[in-house]
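# Residue-level structural notes
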Amino acid sequence: MALATAAPVLAPLSRRDQGRPAMATTPCPSCRQPKGPGKYLCWTCWGNLPGPARKALSRRDSKAMARLQELHRQLAAGVPLAEIAVTP
């Protein structure tokens, strides 16, 4: 007796999602877990940053890229999340 192979059932797209490309996630530079597009870190790692660092990284101005680079340098150097300091 032969077994029939079942085709996967795909859920239909909601109206809101029709016509939009799927958003790719990138890994968090700290823990390598998926993070959302446009986010610097995953939610867990973001919550472990000190408040002043989160506040500085949230600001959108001409120095935002420099602050992000500073965050990445400290992560690459192995600085614990709770000790990261980003200049305002």
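Coordinates for the structure precede this section.
For the structure given in this document, a descriptive report is provided here. (Residues numbered from 1 in each chain as written. Predicted model: local features only at pLDDT ≥ 70, side-chain atom pairs only at ≥ 80, totals over all residues. Heavy atoms only, no water.)

### Here we look at the overall build of the protein chain
Counting its secondary structure elements, the protein chain contains three helices and two strands. Moving toward the C terminus, one meets the helices and strands of the protein chain in the order β-β-α-α-α. Among the 88 residues that make up the protein chain, the fraction classed as buried is 24%. Partitioning the intrachain contacts of the protein chain with sequence separation of at least 6 by distance along the chain shows that 31% fall at a separation of at least 24. Carbon and sulfur atoms make up 60% of the accessible area of the protein chain, which amounts to about 6,900 Å² in all. (Helix = DSSP H or I, 4+ residues; strand = E, 2+ residues; numbered from the N terminus. Buried < 20%, exposed > 50% of the residue type's maximum accessible area, 1.4 Å probe, protein only. Contact = heavy atoms within 4.5 Å. Areas by Shrake-Rupley, 256 points an atom, 1.4 Å probe, with all protein chains shown as cover.)

### A few points about helix 2 (residues 51–58)
What sets the pattern is the α-helix's 3.6 residues per turn: residues three or four places apart point alike. Within the span of helix 2, buried status applies to Ala 53, Ala 56 and Leu 57. Looking down the long axis of helix 2, one finds its buried residues gathered within 95° of arc, a one-sided arrangement. The secondary structure elements touched by the buried residues of helix 2 are helix 1 (43–48) and helix 3 (64–76). (Arc of directions from axis to C-beta.)

### Let's talk about helix 3
Compared with the 18 Å implied by 1.5 Å per residue over 13 residues, the 19 Å span of helix 3 between its first and last C-alpha is a close match. Along helix 3, the residues that are buried comprise Ala 64, Arg 67, Leu 68, Glu 70, Leu 71, Gln 74 and Leu 75. Seen along its axis, helix 3 keeps its buried residues to an arc of 155°; they face one direction. Facing away from the buried side of helix 3 by over 90 degrees, the exposed positions are Met 65, Arg 73 and Ala 76. Check the buried side of helix 3 and you find it contacts helix 2. (Expected span 1.5 Å × (residues − 1).)

### Points about the pattern of salt bridges
In a structure, side chains of opposite charge can pair up when their charged atoms sit close to one another. Here the structure, examined in full by the defined rule, presents two salt bridges. Between Arg 67 and Asp 61 there is a salt bridge, with its nearest N and O atoms 2.6 Å apart. Three or more residues are tied together by salt bridges with common partners; here these are Arg 59, Asp 61 and Arg 67. (Salt bridge = Lys/Arg side-chain N within 4 Å of Asp/Glu carboxyl O.)

### What to know about the side chain of Glu 70
By secondary structure assignment, the location of Glu 70 is in helix 3. One buried charged residue, Glu 70, forms no salt bridge at all, with the nearest opposite charge on Arg 73 at 5.1 Å. A polar atom in the side chain of Glu 70 sits 2.9 Å from the side chain of Thr 87. (Lys, Arg positive; Asp, Glu negative; His and termini not counted. Polar contact = N/O pair within 3.5 Å; in protein donor to acceptor, adjacent residues only side chain to side chain.)

Coordinates in, geometry out; function isn't part of it.
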